[in-house]
Amino acid sequence: MSFFRRAKSSLVPSFVYRVSSKIRSKFSNPFPPRSSSSCAPSSSFLSPAKPFSSPPPFSAIVRRSYYYVSTPQVQHFRRKPRWYQNPRAILVVVVVGGVSVVSIYYGNLETVPYTKRRHFVLISPSLERQLGESEFEKLKLGFRGKILPALHPDSVRVRLVSKDIIQALKRGLRHDEQHYSDPEYAAVSTRPEFDTPGKTQESIWALSEREEGKWSHEDEILDDQWIHHSRKKGEDTGAQSATKHLEGLNWEVLVVRDNAINAFCLPGGKIVVFTGLLDHFKSDAEIATVIGHEVGHAVARHSAEMITKNLWFAILQLIILQFFAMPDLVNAMSNLLLRLPFSRRMEMEADYIGLLLLASAGCDPRIAPQVYEKLGKLTGDSAWKDYLSTHPSSKKRAQLLSQANVMEEALSIYRETMAGRGIEGFL
């Protein structure tokens, strides 16, 4: 029995050795060698192990692997540099971007009538008109029940005064080919998309709650020397005033029964006057002074200029509006027409343009400083704050207007108009 056990223990290793030798001879070289220049693993990949010189123990045979995987030869490629790491690409971006910015800036520069001031307006006239009409529709909805009928004496009075100012504007711009129609009295809109009383009320509050603009030191100085320099520069360069936005306007007038002492003209020729203003100014010349000033803002595109200055943070919205014309965004942006205060320089431009329109309409321009002085004296009255919050007026402003050279021009236009010889092209 002991002999059988010793024979069995000696036969098992030799048997296993013979079997393993056959396996090695059969699969001695399953993968042919490859050249060292290839990116694939070397010839040692999955190569057979070296043969044993003597039979190994059974436990070693069980644990031994006849094929092993060597570490592959990995070739590391250098990462391609980013564009901003390439000086040539940076130069191209800077040059192309700079040319684009300069082209956009100079391509959207416009000349303000009369003052010849150059200002940057990114909003197209069609979009500006759309914003004005959108806000006008919302205001009509918000003032429903307060709008005076078309045959009301105050409505007739304001419409006739507005007609004179609009005809004066036509003469001032030499629009012989453009026949302005008489201003219509606005009707209450029934379009459901504008039925947003909450938003309308916010727009109404903006008229009396917005603060004066944070003017720079130059704007706060009541000096019109910049106008003389601007006009001289415009005459030397032959600059043409931008008047395309005034062509084909559908002028509309709206009189609202409200104690607010205010009036404004939205882009697109939409004039709104509150009865609080009519209660304090009894003569047509005084009303014409205020309306002429408001129309002066529309002539100079001050609303579009202010929106452009405040739209850098929302330039994407402007692009969407220009190319897709989404009504919701148009309605949201139209609120800016009432919320953004004009700068002191814009107010001065509106004063001068309005003064010339007043004279061409047949009203004595010397009434304008008196109107502004009256507003300055009544700043303590809470009712007047509605107008003064959006139209800064003072005694100094009235004195400047009466002493400026534009007053002499306005008086000359007024005399010619009263003599039946209206002057054209004064803007």
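Residues numbered from 1 in each chain as written. Predicted model: local features only at pLDDT ≥ 70, side-chain atom pairs only at ≥ 80, totals over all residues. Heavy atoms only, no water.

A word on the overall build of the protein. Along its length, the protein carries 19 helices and six strands. When the 427 residues of the protein are sorted by exposure, 44% land in the buried category. Restricting to contacts in the protein with at least 6 residues of sequence separation, those with at least 24 account for 76%. About 23900 Å² of surface is accessible on the protein, with carbon and sulfur atoms providing 57% of the total. (Helix = DSSP H or I, 4+ residues; strand = E, 2+ residues; numbered from the N terminus. Buried < 20%, exposed > 50% of the residue type's maximum accessible area, 1.4 Å probe, protein only. Contact = heavy atoms within 4.5 Å. Areas by Shrake-Rupley, 256 points an atom, 1.4 Å probe, with all protein chains shown as cover.)

If you trace the backbone, S343 turns up in the loop between helix 14 (336–339) and helix 15 (344–360). Assessed through its relative accessible area of 12%, S343 is described here as buried. Along the backbone, S343 and H302 are 41 residues apart, and their C-alpha atoms lie at a distance of 9.0 Å.

Moving on to the sheet that holds strand 3 (residues 184–185). One open sheet holds the four strands; their spatial order is 3-4-6-5, and the pairing between them is mixed. Pairing within the sheet leaves two strands with one partner each, and these edge strands are strand 3 and strand 5 (263–266). Sheet topology note: the strand 5/strand 6 (residues 270–274) ladder contains four bridges and is antiparallel. Of the residues in strand 6, the one forming a bridge with C265 is I271. Across the sheet, helix 5 (residues 153–173) touches strand 3, strand 4 (252–256) and strand 6, and the angle it forms with strand 4 is around 145 degrees. Each of strand 5 and strand 6 touches helix 10 (residues 284–299); the most contacted strand, strand 5, lies at about 30 degrees to it. (Pairing = 2+ DSSP bridges. Axes fitted to C-alpha atoms, helices over the stretch in contact; angles between N-to-C directions.)

As for its position among the elements, D284 is in helix 10. When residues no more than four places from it in sequence are discounted, the contact partners of D284 are R157 and V161. Within the local environment of D284, its side chain forms a polar contact with the side chain of R157, the two groups lying 3.0 Å apart. (Polar contact = N/O pair within 3.5 Å; in protein donor to acceptor, adjacent residues only side chain to side chain.)

This part is about the environment of R366. As for its placement among the helices and strands, R366 is situated in the loop between helix 15 and helix 16 (367–377). Each residue touching R366, except ones within four places of it in the same chain, is listed here: M407 and L411. Within the structure, the side chain of R366 is placed 3.1 Å from the side chain of D364, a separation counted as a polar contact.

Attention now moves to helix 15. Helix length check: helix 15, at 17 residues, gives a terminal C-alpha distance of 25 Å against a target of 24 Å (1.5 Å per residue), a fit within 8%. Taking burial as the measure, the 17 residues of helix 15 include 16 buried ones, the bulk of the element. Directly beyond the C-terminal end of helix 15, a positive phi value near 90 degrees is found at G362. (Expected span 1.5 Å × (residues − 1).)

The next subject is empty space enclosed by the protein. This structure, assessed with the given rule, holds three cavities of 30 Å³ or more. Quantified by volume, the second largest cavity comes out at close to 80 Å³. If you trace the second largest cavity, you find it lined by P125, E128, R129, H245, L246, L249, P267, G268, G269 and A298. At three residues, the largest contribution of residues to the lining of the second largest cavity is made by helix 4 (residues 125–142). Here the residues of the lining of the second largest cavity are counted per class, giving five nonpolar, three polar and two charged. (1 Å grid on protein atoms, 1.4 Å probe; cavity = no way out; pocket = protein on both sides within 12 Å on 5 of 7 lines; lining within 4 Å. Points joined across faces, edges and corners; volume = space filled by probe spheres on them. Nonpolar A, V, L, I, M, F, W, Y, C, P; charged D, E, K, R; others polar.)

This paragraph deals with the pairing of strand 4. With respect to burial, strand 4 is a largely interior element, five of its five residues being buried. Both faces of strand 4 are covered, namely the face carrying E252, L254 and V256 and the face carrying V253 and V255. Both strand 3 and strand 4 contribute to a ladder of two bridges, which runs parallel. Of the residues in strand 4, the one forming a bridge with E184 is E252. Sheet analysis places strand 4 next to strand 6, joined by five bridges and oriented parallel. Looking at the pairing, V253 lines up with I271 of strand 6.

A few words on the packing of aromatic side chains. Within the structure shown, the criterion is met by five aromatic pairs. With a centroid separation of 5.7 Å and an interplanar angle of 75 degrees, the aromatic rings of F143 and F274 are classed as edge-to-face. Linking F143 in the loop between helix 4 and helix 5 with F274 in strand 6, this pair joins segments that are 131 residues apart in sequence. For F274, a relative accessible area of 2% gives the class buried. Centroid distance F264 to F274: 6.2 Å. Interplanar angle 50 degrees. Geometry classified as tilted. In this pair, F264 is assigned in strand 5 and F274 in strand 6, connecting sequence segments 10 residues apart. On the basis of relative accessible area, F264 is assigned to the buried category, the value being 7%. By the ring-pair criterion, three or more aromatic residues cluster together here, those being Y105, Y106 and F120. (Phe/Tyr/Trp six-rings, centres within 6.5 Å; stacked < 30°, edge-to-face > 60°.)

The next point concerns the pattern of salt bridges. For the structure shown, the criterion picks out 14 salt bridges. Salt-bridge contacts for E349 lead to R117; the nearest nitrogen and oxygen are separated by 2.6 Å. Of this pair, E349 sits in helix 15 while R117 is found in the loop between strand 1 (109–111) and strand 2 (118–120), placing the two residues 232 residues apart along the sequence. With a relative accessible area of 0%, E349 lands in the buried category. (Salt bridge = Lys/Arg side-chain N within 4 Å of Asp/Glu carboxyl O.)

For the rest of this paragraph, the subject is the nonpolar core. One finds L169, I291, V295, Y352, L357 and L427 to be the most contacted residues of the largest nonpolar core, which totals 73 residues. If you tally residues by element for this core, the top one is helix 15, at eight residues. Here I291 is in contact with V158, V161, S162, I165, I271 and V273, once residues within four sequence places are set aside. In this structure, I123, L131, I307 and L311 belong to the second largest nonpolar core, which totals five residues. (Core = buried A, V, L, I, M, F, W, Y, C linked by side-chain atoms within 4.5 Å.)

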